[in-house]
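Here are the chains, one letter per residue:
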Amino acid sequence: MEDFVVSARKYRPATFKSVVGQEAIVNTLKNAIANHHLAQTFLFTGTRGVGKTSCARILAKTINCQNLTADTEACNQCESCKSFNDGRSLNIHELDAASNNSVDDIRGLIEQVRFAPQLGKYKVYIIDEVHMLSQAAFNAFLKTLEEPPAHAIFILATTEKHKIIPTILSRCQSFDFRRIQLKDVAKHLAYISTQEGIKADPEALHIIAEKADGSMRDALSIYDQMVSFAGKELTYKKVIDNLNILDYDYYFKVTEHILNADVSSTLLVLDEILASGFDGHLFIGGLSEHIRNLIVGKNPATALLLEKGGQLKERYVTQGAQYPESFLFNALTLLNHCDINYKMSVNQRLLVEITLIKLCNLSPNSKNPIAAPVAAPEVKAAPRPVASVAAAPPQPKVAAPVAKPAEPKPQASAEKPAEPKPASPARKFSPPSATKILGESPSAQYTKAQPTEEVAAPSTPLTNETVTEAWKEYISKHKEKKISLCSILSVALPKISETTPSAIEVTVGNSVQQKAIEEDRTPLVDFLKARLKHPLLRLIINVSKTETQQKPYTMEEKFQHMKGKNPEVQNLQNELGLGLE
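For clarity, every value in this text was computed on a predicted model and none was experimentally measured.

**Q** How should the overall build of the chain be read in this particular structure?
**A** Scanning the chain for helices and strands turns up 25 helices and ten strands. Taking all 581 residues of the chain together, 38% fall into the buried category. In the chain, the proportion of contacts linking residues at least 24 apart, taken out of those at least 6 apart, comes to 71%. With an accessible surface of roughly 35,300 Å², the chain has 54% of that area assigned to carbon and sulfur atoms.

**Q** Just checking my understanding: could you explain the layout of surface pockets for this structure?
**A** Unfilled space is identified by rolling a water-sized probe across the atoms. Its volume calculated, the largest pocket comes out at about 830 Å³. If you trace the largest pocket, you find 33 residues lining it, with Pro13, Ser18, Val19, Val20 and Met216 closest to the centre. Mapped by element, the contributors of at least two residues to the lining of the largest pocket are helix H1 (7-10), helix H2 (23-34), helix H3 (52-63), helix H8 (182-196) and helix H10 (216-230). Ranked by residues supplied to the lining of the largest pocket, first place goes to H8 with four residues. A per-class count over the lining of the largest pocket returns 13 nonpolar, nine polar and eleven charged. Of the voids in this model, the second largest pocket is the one considered here, and its volume is about 690 Å³. Lining the second largest pocket are 28 residues, with Glu210, Lys211, Tyr248, Glu289 and Lys308 positioned closest to its centre. The leading source of residues in the lining of the second largest pocket is helix H14 (residues 280-298), at seven residues. A breakdown of the residues in the lining of the second largest pocket according to their chemical character gives 13 nonpolar, seven polar and eight charged.

**Q** Would you mind showing me how to read helix H9 (residues 202-212) here?
**A** For an α-helix the count is 3.6 residues per turn, leaving residues at separations of three or four pointing the same way. With eight of its eleven residues buried, H9 lies for the most part within the structure. Within H9, the full set of buried residues consists of Glu203, Ala204, Leu205, His206, Ile207, Ile208, Ala209 and Ala212. Asp213 lies just past H9 and shows a positive phi near 55 degrees.

**Q** In this structure, what is going on with the side chain of Thr41? I would like to understand it.
**A** The topology assignment puts Thr41 in strand E1 (residues 41-45). Judged by its relative accessible area of 4%, Thr41 is buried. Residues in contact with Thr41, not counting those within four places in the same chain, are Leu145, Phe154, Leu156, Arg171, Cys172 and Gln173.

**Q** Can you walk me through the sheet that holds strand E4 (residues 152-158) in this structure?
**A** Hydrogen bonds between backbone groups are what pair the strands of a sheet, and the pairing can be parallel or antiparallel. Read across the open sheet, the five strands follow the order E2-E3-E4-E1-E5; overall the sheet is parallel. Looking at strand neighbours, the two that pair on one side only are strand E2 (92-96) and strand E5 (173-176), the edges of this open sheet. Pairwise comparison of adjacent strand axes, ignoring direction, gives a mean angle of 15 degrees for this sheet. Relative to E4, E1 runs parallel, the two being bridged by five bridges. From the neighbouring strand, Phe44 faces E4, where its bridge partner is Ala157. Lying on the sheet, H2 is in contact with E1 and E5; it crosses E5 at an angle near 150 degrees. Against the sheet, helix H6 (residues 135-146) touches E1, strand E3 (123-128) and E4, its axis set at about 135 degrees to E4.

**Q** Looking at this structure, how should I read the sheet that holds strand E9 (residues 503-508)?
**A** Here three strands make up an open sheet; going across it, the order is E8-E9-E10 and the pairing mixed. The open sheet has two edge strands, strand E8 (495-496) and strand E10 (538-543), and neither has a second partner. Sheet analysis places E9 next to E10, joined by six bridges and oriented parallel. For Val508, the partnering residue across the bridge sits in E10 and is Val543.

Cut-off values and rules
Residues numbered from 1 in each chain as written. Predicted model: local features only at pLDDT ≥ 70, side-chain atom pairs only at ≥ 80, totals over all residues. Heavy atoms only, no water. Helix = DSSP H or I, 4+ residues; strand = E, 2+ residues; numbered from the N terminus. Buried < 20%, exposed > 50% of the residue type's maximum accessible area, 1.4 Å probe, protein only. Contact = heavy atoms within 4.5 Å. Areas by Shrake-Rupley, 256 points an atom, 1.4 Å probe, with all protein chains shown as cover. 1 Å grid on protein atoms, 1.4 Å probe; cavity = no way out; pocket = protein on both sides within 12 Å on 5 of 7 lines; lining within 4 Å. Points joined across faces, edges and corners; volume = space filled by probe spheres on them. Nonpolar A, V, L, I, M, F, W, Y, C, P; charged D, E, K, R; others polar. Pairing = 2+ DSSP bridges. Axes fitted to C-alpha atoms, helices over the stretch in contact; angles between N-to-C directions.

In structure tokens form, the structure reads like this:
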């Protein structure tokens, strides 16, 4: 049985030509070798798995090759190339700075730099994860980097360039390795599949490339895992099942139901997704990305930003053409709000369902379309509601009488007393429709829904017993999620205010407890209003005025404290002539 070699090692680039996705850097290094313009210190930076160490090894091998090819590649035939391929080259030294980061390690490296190479022109020192060196090690390395011997070349590699001190950066020729694009990763995986005799679905390779997030090493590790799971036939279905990725078809179904304003079908698809074990937050994030792809696919100029396979890309372009841009922008805003509030929500599934219902009502095909809140509206004072008087005729305006001293009034025409105004009929308050409120912020809805005049009196009178019962019911309902608050509420029981109407008072021991209740004031008061059927209820929080007794600290204070408790202490001091030191 042959020993298995992971793909990341088996297909590791050995020449500049085999490096994937770093064409600009490769061309620069090849031109520097061909023109003999080699710097003595290189710095390779970039995220994991993009080819930093591989390019460093290829560069070290190529500059010592005795018979370079026409395209500036190592020949693999000379003694220097053979010794490098066999792992016995004495001209190339690799140091892992993560485990050799002390001053002594760098001093040992500096001692080796003095010796000339036995075979070839250069001795190359590759220091990986160089940002892990200590401050003292960096300082010890400065002089050697500034004036290295002519035969020494240093190649530093790191994933965190910002951790390297500026004096080191100024002595290096820096190359920033970019993330490998999705199409390049998928193309390389297809090449490996051909070499290994594996039948791979292009969509499956695109999923692996997306999961790798620009890292070729990660992509090859995931690829090996998928091959172990699927065998010689790598399909899209097997990949998404093994990687626990939600199928794109679900997003296309949901957006289609949203366009048709089909709330029932949309919620059923959500239930199917959640029943399959996927998280609601994952679904919201995936749907947001799906809407973004529809926006990008609507314009041929931005369709290039769709990093998807051929068939999937066509589906995005086709579906995106069915939606107006305004709907997609508003939908993306609603999904972003849901994503932000998801972790803070108590009932997360309900939050997702409400968002989907709003999206259905945003659809141009909806019977009750609403406007999405792009920004939270400013809460202003509620306008005075207009009284709905059905049959009362308008009252004529009576001008105020003006006194005229030049013309005295006759006795017979005495001024009649003003007639009392008829009592205005009770104002009617009709709540706004759910369709109008659905797209507004909670604060704006609350402001609009509240009558400002002549609110009906509560149906249930307040008593200390009913208030205490409702208070304890709130504690029982939230004792598992608001442990600290409920412990404070259980001690500070409320009572009806004797000075303020429609108010209850609660007294706490200190300002910390007062702040804790203030932070939960809105849900607490709303619960009490609903439970006691008293919409005008207010909560007054008082802090106890009990003063803490000051503790004595100095010798004088302690003595005075003892005299206050026992007057004989003063007599004892006088008789013995004692004093304080």
